[in-house]
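Read off the chains here:
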Amino acid sequence: MSANFEQIQKFGKEQIEAVQAATSEFAKGLQAIATEASEYSKKSIENGQAFVAKLSATKQIDEALKLQSEFTKTSYEDFIAQSTKLGELYTNFAKQAFKPVESAIAKVQGK
C-alpha cells in the first residue's frame, strides 16, 4: 500500500511540475509577443510622425502625392512583415507552452 501511495505522490508531483513548466513557457511567450507588438507600434508611430513632418514641408501637390504613395507602400510592407513575425511567435508560443503538458500526457498514456 505504501508503494501505491508513493507512485500516486510521484505522479502528482510530475503533473504539478508539468503545469509549472507550461505556465512558465506561457508567460515567456506572451512577454515576447507583447514586446514585439510594442516595438512595432512605437516604430509605426515614429514613421507616421516623420511622414507628417515631411508632408507639411512640401510645397507642391505632386511631391505630396509621391510622399503619400511611398509612405503607404512602406507601411503596408512593414505591416505584412510584422504580421508574419507575430504569426511565427504565436505558433512557437503554442508549441512551447504545451510541450510540458504533452510529455506529461505521454507518460500517463504509457502507464
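That block above? That's the structure.
Residues numbered from 1 in each chain as written. Predicted model: local features only at pLDDT ≥ 70, side-chain atom pairs only at ≥ 80, totals over all residues. Heavy atoms only, no water.

Colleague: For this particular structure, what's the right way to read the side chain of Thr58?
Modeller: For Thr58, the position within the fold is in the loop between helix H1 (2–57) and helix H2 (61–110). Here Leu55 takes part through its backbone oxygen, which lies 2.7 Å from a polar atom of the side chain of Thr58. Among all residues touching Thr58, those that are not within four sequence positions of it are Glu63, Ala64 and Leu67. (Helix = DSSP H or I, 4+ residues; strand = E, 2+ residues; numbered from the N terminus. Polar contact = N/O pair within 3.5 Å; in protein donor to acceptor, adjacent residues only side chain to side chain. Contact = heavy atoms within 4.5 Å.)

Colleague: Honestly, the packing of aromatic side chains in this entry has me stumped. Any pointers?
Modeller: Both the distance between ring centres and the angle between the ring planes are used here to describe each pair of aromatic rings. By the definition in use, this model includes 2 aromatic pairs. Consider the rings of Phe26 and Phe93, whose centres lie 5.1 Å apart with planes at 45 degrees: the pair is tilted. Of this pair, Phe26 sits in helix H1 while Phe93 sits in helix H2, placing them 67 residues apart in sequence. Given a relative accessible area of 13%, Phe93 falls into the buried group. (Phe/Tyr/Trp six-rings, centres within 6.5 Å; stacked < 30°, edge-to-face > 60°. Buried < 20%, exposed > 50% of the residue type's maximum accessible area, 1.4 Å probe, protein only.)

None of the figures reported here should be taken as evidence of function without further support.
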